[in-house]
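So the chains spell out like this:
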Amino acid sequence: MATKTASPEKQLKRYEESIAQDGLRLTRQRKHVYGALLQQQDHPTAMEVFLRARPEMESLSLATVYNVLETLAERGLVRKVHLDSGSTRYCANNAKHGHFTCTGCGAVMDVPLLPGAELEKLHHLPRGYTVTQQEVSLHGLCATCRKNHH
Ligand SMILES: [Zn+2]
Ligand SMILES: [Zn+2]
């Protein structure tokens, strides 16, 4: 299974199409917020997306950013990531992946699943159960933090 991420342009295009289907306009604000999220795939919180997008669009409010991110999540264009430390983070990577949180620097990175890996086979599910959603959360040290550790 390829874990390639669609290019930001392609993802933006897909969003445009999805919005158009509902007869909604792709407002400048919507486009700008999504663009800010795609810019850097580091799983920002809504506040971080806001701070990133705001300098180029002074009319933007935090509430708008929340709304846009919620719409994107409803459409399956971004994934909401809940890590133990509270705030919802947003991930624009559509490929199947887990998240690795570095306990040293706090970075949240995408880690692709191995080709052919099926989580259902890693767990002992009771008979008749099926997995509809998976969220893999790994914690550890990134290479840099590991080096600085000793
Ligand atoms: Zn991610
Ligand atoms: Zn680190």
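Anything mentioned here points back to the structure above.
Presented here is a report on the structure given in the accompanying data block. (Residues numbered from 1 in each chain as written. Chains lettered and ligands numbered in written order. Predicted model: local features only at pLDDT ≥ 70, side-chain atom pairs only at ≥ 80, totals over all residues.)

When helices and strands are counted, the protein chain shows five helices and five strands. For the protein chain, the sequential pattern of α-helices and β-strands runs α-α-α-α-β-β-β-β-β-α. Within the protein chain, the fraction of its 150 residues that count as buried is 17%. The long-range fraction of contacts in the protein chain, counting pairs at least 24 apart against all pairs at least 6 apart in sequence, stands at 55%. (Helix = DSSP H or I, 4+ residues; strand = E, 2+ residues; numbered from the N terminus. Buried ≥ 20, exposed ≤ 12 C-beta atoms within 10 Å, placed from the backbone. Contact = placed C-beta atoms within 7 Å.)

Further remarks concern the packing of helix α2 (residues 28-39) against helix α3 (residues 46-53). Orientation of α2 relative to α3, taken along the N-to-C sense of each, is 105 degrees, at an axis distance of 9 Å. Between α2 and α3, the crossing angle belongs to the class labelled roughly perpendicular. Here His-32, Val-33, Ala-36, Leu-37 and Gln-39 of α2 come into contact with α3, specifically with Val-49, Arg-52 and Ala-53. Classifying every residue of the contact of α2 with α3 by side-chain character gives five nonpolar, two polar and one charged. (Axes fitted to C-alpha atoms, helices over the stretch in contact; angles between N-to-C directions. Parallel < 35°, antiparallel > 145°, perpendicular 65-115°, else oblique. Nonpolar A, V, L, I, M, F, W, Y, C, P; charged D, E, K, R; others polar.)

The next subject is the sheet that holds strand β3 (residues 97-102). With mixed pairing, the three strands of this open sheet are ordered in space as β4-β3-β5. Here the strands that pair on one side only, and so sit at the sheet edges, are β4 (108-112) and β5 (137-140). Geometrically, the sheet is characterised by an average inter-axis angle of 30 degrees between neighbouring strands, direction not taken into account. The sheet contact formed by β3 and β5 spans four bridges and is parallel. Paired with Cys-102 across the bridge in β5 is Gly-140. (Pairing = 2+ DSSP bridges.)

What follows deals with α3. All of the buried residues along α3 are Ala-46, Val-49, Phe-50 and Ala-53. Taken around the axis of α3, the buried residues stretch over an arc of 100 degrees, which confines them to a single face. The inward-facing, buried residues of α3 contact α2, α4 (62-74) and β2 (88-91). (Arc of directions from axis to C-beta.)

Val-33, Leu-37, Val-49, Val-65 and Leu-69 are the most contacted members of the largest nonpolar core, which totals 20 residues. Looking at this core element by element, the count peaks at five residues for α2. If sequence neighbours within four positions are ignored, Leu-37 has contacts with Pro-44, Val-49, Val-78, Tyr-90 and Ala-92. (Core = buried A, V, L, I, M, F, W, Y, C linked by C-beta atoms within 7 Å.)

Let us now look at the environment of Leu-38. As for its placement among the helices and strands, Leu-38 is situated in helix α2. By the C-beta count within 10 Å, which is 20 here, Leu-38 ends up buried. The spatial distance from the C-alpha of Leu-38 to the C-alpha of Leu-12 is 8.7 Å, given a sequence separation of 26 residues.

What follows covers the packing of helix α1 (residues 8-21) against α2. Helix-helix packing is described using two parameters, namely the angle between the two axes and the distance between the axes. The interhelical angle for the contact between α1 and α2, taken along N-to-C directions, is 150 degrees, at an axis separation of 10 Å. Here α1 is positioned roughly antiparallel relative to α2, judged by the angle of their axes. The interaxial crossing formed by α1 with α2 has right-handed handedness. Across from Pro-8, Gln-11, Leu-12 and Tyr-15 in α1, the residues of α2 making contact are Tyr-34, Gly-35 and Leu-38. Along the lines of polarity and charge, the residues of the contact of α1 with α2 split into five nonpolar, two polar and no charged. (Left-handed = near helix turned anticlockwise from the far one by under 90°.)

What follows is about α4. Counted at 1.5 Å a residue, the expected span for α4 with its 13 residues is 18 Å, and the 18 Å between its end C-alpha atoms agrees. Taken residue by residue, α4 has Val-65, Val-68, Leu-69 and Leu-72 as its buried positions. All buried residues of α4 project into a common sector of 95 degrees when viewed along the axis, lining one side. In this structure, α4 carries Ala-63 and Glu-74 as exposed residues pointing more than 90 degrees from its buried face. Along its buried surface, α4 packs onto α2, α3 and β2. Once α4 ends, the next one or two residues include Gly-76, with phi positive near 75 degrees. (Expected span 1.5 Å × (residues − 1).)

None of this, on its own, says anything about what the molecule does.
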